Every structure is written in structure tokens, then in C-alpha cells.
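Spelled out from the first residue to the last, the chains are:
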Amino acid sequence: MERSKEPCLPLCRREFLKGTLWSASALLSIGGMTIPRAVRAAERKYVCKIAHAEAIGSPITESFEEWTRVLVQRSGGRIDAQHFPAGQLGNYTNLIEGSRIGTIQVTAGGPDTEEAVAPEIAVTGLGFIFKDEAHVDRVLQGPIGKEMSDIARAKTGVEFVDYAEVGFRHLLAKRQVSNREELRGLKIRVPELKLWVDFWKKLGANPTPLPYAEQYSALSTGVIDGLEADFFSIKGFKWYEQAKYMTLTYHWFLPKAVRVNARWLDGLPDDLRTLVRDSAKEVFAKQRATNRARTGQALEELKGLGVVVVTPTDKEAWRTVTISLYDEYAAKYPVAKPMIDKINALR
């Protein structure tokens, strides 16, 4: 006689219910449609506003444009990257603060911006601290660059996923400056940072802190007699229209940390977090190479636009006069002394 299947029913019912509960946990009902949660997670979009104050047409702006495309394409659209160059979403100070609190996800800015919060990474703003481009690479593309990013993450809420650059900065003025004596009393626009006010005072100039975006109008109205900037910015923002004399001082090399809001980055799935970090290193390695390759061309273009180029006759004296600022900075911020020593050791 065939055995009854009744005893199996409770077990089958339990297995069925268990499978139903698993299915329910793996499904999500949205708008009347039931969709697997894994699919929904994969399709979620993460808005990434990339906003900075760099000039249109500069190598760094072109690289941010490329990175925007890379993030969208390689994420399959899961990262909704949007690019806002040339201060479209606010001035430099606004953008730095926005990247910290997360109103924008990415910006670019020199580590020197952090003097008040993380003075040990702001040492990159000390005049003449970088000897040449090879020295820059030894510092920022090695353990020191990683250490600076870790400090920024802990103290400011942003991670430096890589370092772009605009290159060495020079003096642009309405009158010719061939030496320190001719620099004396020059009203020069400086970033709104004590580091730079102290630097130009030491050289005998009259530093005038102003927002980045106000430089053209300040030159045209006589609020300032000059400014200091890289070749690409001088050309891109057309400051040469108001000031025709450029002194090749090489006083400051400006790295631009690619600053990503840490909370946003940590909220990404693992694969997208890896994509952001790896693609940044890929894109901005090319940016650094392009920037350096085009520097000479940019200088020639400025000459063609009527800029008179001058080499200071007492160039070494500029560094000698300002070197005492290293000790003054270290005395004010003892935590910065080891970083200064590490950078100088790689000269």
C-alpha cells in the first residue's frame, strides 16, 4: 500500500514560507512594481558636483571635464558627475567650505588653505619650499602626499584623492619689477591667508588680501598694482589686459589637491569608491604631464599678447630674505616642523 504524503505537508509548508520570506527580503516594491533590492542598489545614482575656481581652457579645467566623463561612463551612470568650473558655484572660499560640509562633493584647492585647521599640511604654501617639479613629485606622489591626505580627512572632512597642479607662480604687475628694490611698496593681491601676507611683507611689498574672482576689477580700478599667478591663469582670466609686466620669480609652486568630501566617498559602494580614487590618479597624472608640457607654450602666448617678461637680477635674495618664515611658522605651529623637515630633506 502506498504511504500517505500527509506527514510531509508541515515540512513543505515551512520550506515554502522560508523561501517566501527570503524572497520578500530580497525584493523592494516601488511604484507598484516589485524589484530585486540588489538591482535597485546597483541602479542608485550618486550625485557628484565637481566645482572649482580654475580658468576655462586651462589644463586643470580640461582634466576635471575629462574626469567628469570618466566617472559617468565607467560607473554606468550610477555616479551623476556634474562639472562647474570658473567659480560658477561660488568663490574659492565658498567652494572649499562646500566640499567640507558636503554641499558639493569635489573641488580643487591648495593644501595651504588649511593653515588654521591643519597647519602641518599648509606648509606647501611657504614661499620657495618647492625646488622644482621633480621635488614636487617626490613630495606629493610619495608617502608625504598620502600623509597629507590622511591629515586632511581627519581634520577637515575631505580626502585628497590626488594632486593636480597649475605650476609655478610669478609676479604680474603694472610696472616693471626687476629686483626687490623695485618691488618695494607694490600693492599686490594675495590669497586671504596669513602665510602669503607675511611672505610679501618680508619682501617689502604691500600685500592686499582679496578674493580670487576680484583680481581683474581690482587691477583695472587701481586697488592693486599687481598679482601673482601661473601662466595659464594669467592668460585664462585675461589679467594681462590690465598688467603687462611679468617677473619670473618661481616663488610658489601651487599643487591643487583634488578634494572629495569624505562622508560622500564613504557612502559609495566599494566598487564606486575604488573607481573615484583610481580614476582620479589616472586622469590627474595626465593633467600634471600636460600642464608641464604646455607651460612653455603658455609663456610664449603671453609674450604674443604683449606681456613683457623679466628675470629678477637678485633672484636668490628673494629666497634668502623669506627663509626665516619657515622658523617663524614652525614656532607658531610646532606640529608643522616635522613636515617642513621632511619636505626639505627631499630637495
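The rules we used
Residues numbered from 1 in each chain as written. Predicted model: local features only at pLDDT ≥ 70, side-chain atom pairs only at ≥ 80, totals over all residues. Heavy atoms only, no water. Core = buried A, V, L, I, M, F, W, Y, C linked by side-chain atoms within 4.5 Å. Buried < 20%, exposed > 50% of the residue type's maximum accessible area, 1.4 Å probe, protein only. Helix = DSSP H or I, 4+ residues; strand = E, 2+ residues; numbered from the N terminus. Contact = heavy atoms within 4.5 Å. Salt bridge = Lys/Arg side-chain N within 4 Å of Asp/Glu carboxyl O. Arc of directions from axis to C-beta. Polar contact = N/O pair within 3.5 Å; in protein donor to acceptor, adjacent residues only side chain to side chain. 1 Å grid on protein atoms, 1.4 Å probe; cavity = no way out; pocket = protein on both sides within 12 Å on 5 of 7 lines; lining within 4 Å. Points joined across faces, edges and corners; volume = space filled by probe spheres on them. Nonpolar A, V, L, I, M, F, W, Y, C, P; charged D, E, K, R; others polar.

(A) Examining the nonpolar core more closely. Counting 74 residues, the largest nonpolar core has Phe64, Trp67, Val123, Met148, Leu183, Trp200 and Tyr329 as its most contacted members. If one sorts the elements of this core by residue count, strand β6 (residues 158-173) sits on top with 9 residues. Apart from residues lying up to four places away in sequence, Phe64 is in contact with Ile50, His52, His83, Val106, Ala108, Val258 and Phe284. Of all hydrophobic cores here, the second largest spans 20 residues; its members include Leu219, Ala229, Phe231 and Ala243.

(B) Quick look at the pattern of salt bridges. Inspection of the entire model under this criterion finds 25 salt bridges. Measuring nitrogen to oxygen at the nearest pair gives 2.8 Å for the salt bridge that ties Glu165 to Arg292. Of this pair, Glu165 sits in strand β6 while Arg292 sits in helix α12 (residues 270-304), and the two are 127 residues apart along the sequence. A relative accessible area of 1% means that Glu165 is categorised as buried.

(C) Geometry of helix α4 (residues 92-101). Turning to α4, its buried residues are Leu95, Ile96, Gly98 and Ser99. Looking down the long axis of α4, one finds its buried residues gathered within 160° of arc, a one-sided arrangement. On the buried face of α4, the contacting elements are β3 (46-51), β5 (106-109), β6 and β10 (245-261). Sitting at the amino-terminal end of α4 is Asn91, which places a side-chain oxygen 3.2 Å from the backbone nitrogen of Thr93.

(D) Region of the structure containing the environment of Ile151. With respect to the helices and strands, Ile151 occurs in helix α6 (residues 143-156). Under the relative-accessibility criterion, Ile151 is labelled buried at 15%. In sequence terms Ile151 and Glu120 are 31 residues apart; their C-alpha atoms lie 8.4 Å from each other. The contact partners of Ile151, leaving out residues within four places of it in the chain, are Ala118, Glu120, Ile121, Thr156 and Met339.

(E) Structural context of the layout of surface pockets. Here the largest pocket defines a volume of roughly 430 Å³. Where the lining of the largest pocket is concerned, the elements lending two or more residues are α4 and β10. Of all the elements, α4 adds the most residues to the lining of the largest pocket, at 4 residues. Taken together, the residues of the lining of the largest pocket break down into 12 nonpolar, 4 polar and 8 charged. Along its surface, the second largest pocket is lined by 15 residues, and Lys146, Ser149, Phe160, Val161 and Lys281 are the ones closest to its centre. Those elements that provide at least two residues to the lining of the second largest pocket are α6, β6 and α12. In terms of residue class, the lining of the second largest pocket is built from 4 nonpolar, 4 polar and 7 charged.

(F) Quick look at the environment of Ser149. Mapped onto the secondary structure, Ser149 falls in helix α6. Relative accessible area serves as the criterion here: at 6%, Ser149 is assigned to the buried category. C-alpha of Ser149 to C-alpha of Asp162: the two residues are 13 residues apart in sequence and 8.6 Å apart in space. Excluding its chain neighbours within four sequence positions, the residues that come into contact with Ser149 are Val158, Glu159, Phe160 and Tyr163.

(G) Region of interest: the environment of Ile121. Structurally, Ile121 can be placed in the loop between β5 and α5 (133-140). Those residues in contact with Ile121 that sit more than four places away from it in its chain are Pro111, Asp112, Glu114, Met148, Ile151, Ala152 and Phe160.

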